[in-house]
Amino acid sequence: MADPHDDVPVDLFAHLASDPLAVHLGITLEQVRPGYARASMTVTPALVNAFGMAHGGATMALLDIVHAAVSNSHGTLAIAQDVHTEFLAAGRPDDVLVAEGTEVHRSNRTAVYRIDATAQDGRLVATALARVFRTDRPWDRA
């Protein structure tokens, strides 16, 4: 099995994995490499809405944690500018949602990422297109 942080420094991976909201929601950052990130979240009873489906806010948080990881994977601070999310299927109780983010475009000042959240049975639950402003500040001096 590949090292979960591949080409990113161990301390950057640890910093991204310790995101307080991710920890609170049970989101586990699994892999980060330049231009790619993956995380998972189990839909627990605390993460469902009044209708018993995965809460959109929890699903969006999973997408956003991956967005933060993939957009900062090059070692410089990236600041979210826009995230457009489409909810495509309901996450169900006990689903393990896996979100993967990939870099679509990167320039000196902006970058665009696609993030997909999929349930263990292959259902595409949500997809997002996200954009960041890229600074030239190292992540550890943000």
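What counts, and where the lines are drawn
Residues numbered from 1 in each chain as written. Predicted model: local features only at pLDDT ≥ 70, side-chain atom pairs only at ≥ 80, totals over all residues. Heavy atoms only, no water. Salt bridge = Lys/Arg side-chain N within 4 Å of Asp/Glu carboxyl O. Helix = DSSP H or I, 4+ residues; strand = E, 2+ residues; numbered from the N terminus. Buried < 20%, exposed > 50% of the residue type's maximum accessible area, 1.4 Å probe, protein only. Pairing = 2+ DSSP bridges. Axes fitted to C-alpha atoms, helices over the stretch in contact; angles between N-to-C directions.

1. A word on the pattern of salt bridges
For the structure on display, the rule yields six salt bridges. With its nearest N and O atoms 3.3 Å apart, the salt bridge here joins glutamate 103 to arginine 106. Among the ionic contacts, a cluster of salt bridges with common partners joins Arg92, Asp95, Asp121 and Arg123.

2. With respect to unusual backbone geometry
The phi dihedral of aspartate 94 falls on the positive side, at around 75°, and the residue is not glycine. Along the chain, the position of aspartate 94 falls in the loop between β3 (76-87) and β4 (96-106). With a relative accessible area of 59%, aspartate 94 lands in the exposed category.

3. Observations regarding the sheet that holds strand β5 (residues 110-118)
With antiparallel pairing, six strands are arranged side by side in an open sheet as β1-β2-β4-β5-β6-β3. Sheet topology places β1 (28-33) and β3 at the edges, where each strand pairs with a single neighbour. Across the sheet, the mean angle from the axis of one strand to that of its neighbour is 20°, orientation sign disregarded. Pairing of strand β2 (residues 36-42) with β4 involves seven bridges; the strand directions are antiparallel. If you follow tyrosine 36 over to β4, its bridge partner there is threonine 102.

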